[in-house]
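Residue-level structural notes
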Amino acid sequence: MKAALLIQRWYRRYMARLEIRRRTTWNIFQSIEYAGEQDQIKLYNFFNSMMTHFSVDNANQVRIIKAFSEEQRRSLSAGTIMSDEMEAEDKELMNSIDPDSISVSSSYKGPHVTFPITQNSVFALLQAFKTKQVLHVKYLLQLLHECRRVLRQRGNINRATTAIAHQLTVCGDLHGKLDDLYMIFHKNGLPSVDNPYVFNGDFVDRGNHSIEVAIILFACFLCSPNEVYLNRGNHEDHMMNLRYGFIKEIMRKYKEHATKVIMMFEDVFSWLPLATVIDDKILVVHGGISDDTDLEFLQTVDRHKFVSVLRPPGSMKMTTVDIQQLEMNEIQEWKQMLDILWSDPKNIKGAAPNSFRGGGCYFGPDVTKDVLDAHNLTLLIRSHECKPDGFEYTHDNRVLTIFSASNYYEEGSNKGAYVKILDNDLNPHIVQYVAGSTSRRKITFTQRIGKLESSALHSLRERFLACKPLLTKEFQKFDQENKGLISPVDWCSAMEAVIGMDVPWRLMRSRLVQTAPEGLVIYQSTFHDLTFDRHQDETIMSVTETLYRHKDILETIFRIFDKDNSGFISMAEFEEACSILMRHATIPLLESQISDVARSLDLNNDGHIDFNEFLEAFRIVDQDSLLKSPDSENIIDDGIEAQVAEDTPVKVVSTKGQEESVTS
């Protein structure tokens with residue numbers, strides 16, 4: 001009996017330690033994700049502030065202004081379009097893109113699409129994408145044109161019912177993960193009159209098959225327009241697509257036709273509805289709500305004018321003062337959309353700015369109750385946040401988060417889920433799954449945690465290298481005698497001050513840095529064996545390390561300059577991009593240093609920088625033995641003992657309604 005109790009106690013401690021590791025790993029992934037979104041919003045705000053200091057009519061305007069000007073690309077926040085103007089826009093769009101002018105070569109072996117779209121067409125696309133075929137650009141543009149035509153006839157709020165099919169399925173973020181969409185259709189069936197769906201935004205970005213996911217969803221919508229409801233997410237946004245992979249994927253797959261494809265997707269996304277109401281009782285939106293959410297007002301918003309929701313309404317030529325003088329109605333429109341697409345639930349009172357993401361708000365249980373009661377609703381279904389189990393109930397079970405992209409951060413990081421609404425009592429039925437693993441060999445839970453942990457630590461240590469100058473300066477504040485040693489507490493304080501992420505540094509310290517025999521931290525080991533995979537002299541290497549800290553921002557600026565989506569920009573444009581970055585982030589670099597970096601990236605001396613070479617300059621090699629094999633069962637020992645009591649129970653999340661767990 002005593003032996004059994006000892007084994008039970010050991011097992012509880014062991015599982016509790018694994019749970020702490022899992023939560024810590026999850027926290028790192030999520031902090032990095034949200035920090036990126038916050039940086040993107042800050043960058044866009046910086047662009048907006050630049051617009052107030054430069055005239056678009058100035059012939060000598062800097063290239064970034066030209067890149068954003070209405071002559072070069074459609075305004076990211078167009079004005080209200082009247083019917084005659086809309087007709088003119090349609091004609092202009094069709095003339096500039098004109099899929100009929102593109103011929104299909106006899107050598108093309110991919111799927112052929114005819115209109116109207118049928119179930120057979122959808123099935124053919126599904127089969128083609130399974131074998132990695134790419135839809136011909138002619139058919140893609142025709143599909144997008146037709147989808148745009150139908151979406152324009154829809155209101156801002158879809159009205160769905162379970163009265164006919166006696167059920168309805170709601171899917172959350174897919175983020176270009178085609179395997180998850182296949183899993184949903186395999187388990188739940190294709191959309192049809194008897195099987196309606198709501199797809200709740202974030203179809204694209206991050207994953208490698210965003211185009212295929214969007215094509216299938218749009219094809220399903222055109223095949224069953226009364227049974228498939230599409231909501232817009234915060235990633236159906238041109239500025240987000242510039243940073244998070246969708247534009248890059250289009251350029252890779254459609255090359256010389258990329259500009260036309262990007263224009264069409266950009267326009268279609270702006271016509272996506274903002275919400276769906278099921279049986280007048282359940283509200284489905286991508287992000288959330290705020291204390292200002294008014295569905296009647298939301299129904300009147302001109303959603304098409306927001307190609308990017310990150311920018312307040314108004315022309316590019318407007319100053320900050322002009323924006324402040326906008327009609328309250330326009331500001332309210334923008335805020336309603338921003339809150340719907342970007343907000344997150346939180347256990348607070350009222351609503352507060354979403355400082356973690358940088359956009360939308362946090363809304364508390366009281367806001368949920370007030371908004372739902374005011375509209376006679378019982379439940380809010382939203383997505384927008386990855387959850388370990390693929391779903392989560394909050395706010396007294398009146399908010400349900402559904403996330404449908406499994407393995408979102410790393411293989412094994414999370415389950416995907418969708419929810420079925422049954423008409424008898426509108427009770428949500430959660431279905432969980434994990435899309436097919438690339439590895440045939442099954443791994444244990446402990447090995448999976450080890451693999452996730454290693455991936456998270458690598459991502460975290462990349463940020464260390466990006467912040468090396470700032471971190472070194474912060475470490476030296478605590479090392480007055482220049483011994484290269486500081487206390488663990490000072491090391492944690494420095495990491496928290498510079499990295500700015502909500503990470504348990506004390507818990508992670510033993511995996512991230514080396515310690516001297518007397519217990520002090522050897523702070524330079526924070527960057528041990530972590531270098532860029534390029535042979536450069538010390539001067540260029542120093543500048544490269546500085547630029548790496550803002551690599552994603554620089555990549556976004558690069559794509560803005562690359563107006564023809566060729567994958568190349570001139571050296572002068574690259575130097576100007578770096579100059580803009582310096583102003584945005586207050587980076588102390590000399591123009592001569594930037595020129596040296598530009599020349600080092602121009603490998604064939606043609607005066608242009610290949611974007612692939614640009615990214616290759618920032619590839620990191622990690623030779624540190626701290627990153628163990630996925631099979632390793634290493635435990636983050638430092639600090640865990642103090643946090644795990646002998647009989648710590650492992651928390652099990654209870655669910656509302658039934659639950660099914662499937663691994664394939």
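Residues numbered from 1 in each chain as written. Predicted model: local features only at pLDDT ≥ 70, side-chain atom pairs only at ≥ 80, totals over all residues. Heavy atoms only, no water.

Overview of the pairing of strand E2 (residues 167-171)
To be explicit about the condition: Here the term buried applies to any residue with accessible area under 20% of the maximum for its type, exposed to any over 50%, and partly exposed to those in between, with areas from a 1.4 Å probe on protein chains only. Helix numbers and strand numbers start at the N terminus; a helix is a DSSP run of H or I with at least 4 residues, a strand a run of E with at least 2. Any two strands with at least two DSSP bridges between them are considered paired.
Among the five residues of E2, five are classified as buried, and the element is accordingly described as predominantly covered. Across the two faces of E2 the burial is the same, with Gln167, Thr169 and Cys171 and Leu168 and Val170 all buried. Summarising the sheet, E2 and strand E13 (residues 416-422) pair through five bridges and their orientation is antiparallel. Across the sheet, Thr169 pairs through a bridge with Lys420, a residue of E13.

Remarks on helix H9 (residues 246-254)
Buried residues dominate H9, accounting for seven of its nine residues. Listed as buried for H9 are Phe246, Ile247, Glu249, Ile250, Met251, Lys253 and Tyr254. Count one or two residues on from H9 and you reach Lys255, which has phi positive near 40°.

Quick look at the environment of His286
Worth spelling out the cut-off: When checking whether two residues touch, look at their non-hydrogen atoms; a contact exists if any pair is within 4.5 Å. Polar contact criterion, stated in full: a pair of N or O atoms within 3.5 Å, where within protein one must be able to donate a hydrogen and the other to accept it, and residues adjacent in sequence count only if both atoms are side-chain atoms.
Here His286 is to be found in the loop between strand E6 (282-284) and helix H11 (295-298). For the pair His286 and Gly172, spaced 114 residues apart in sequence, the C-alpha to C-alpha distance is 7.9 Å. Residues contacting His286, with those up to four places away along its chain left out, are Asp173, Asn200, Gly201, Asp202, Arg232, Gly233, Asn234, Ile340, Leu341, Arg382, Ser383 and His384. Among the polar contacts listed, one links the side chain of His286 to the side chain of Asp202, at a separation of 3.2 Å.

What to know about the sheet that holds strand E9 (residues 361-363)
With mixed pairing, the three strands of this open sheet are ordered in space as E7-E9-E8. The sheet is open, and its two borders are formed by strand E7 (344-345) and strand E8 (351-353), each paired with just one other strand. Where E7 and E9 come together, two bridges link them in parallel fashion. Residue pairing across strands places Pro345 opposite Phe363, the latter belonging to E9.

Notes on the sheet that holds strand E16 (residues 514-515)
What the three strands build is an open sheet, ordered E15-E17-E16; its pairing is antiparallel. Edge positions in the sheet fall to strand E15 (485-486) and E16, since each has one partner strand and no second. Relative to strand E17 (residues 521-522), E15 runs antiparallel, the two sharing two bridges. In the sheet register, Leu485 faces E17, and the bridge partner there is Ile522.

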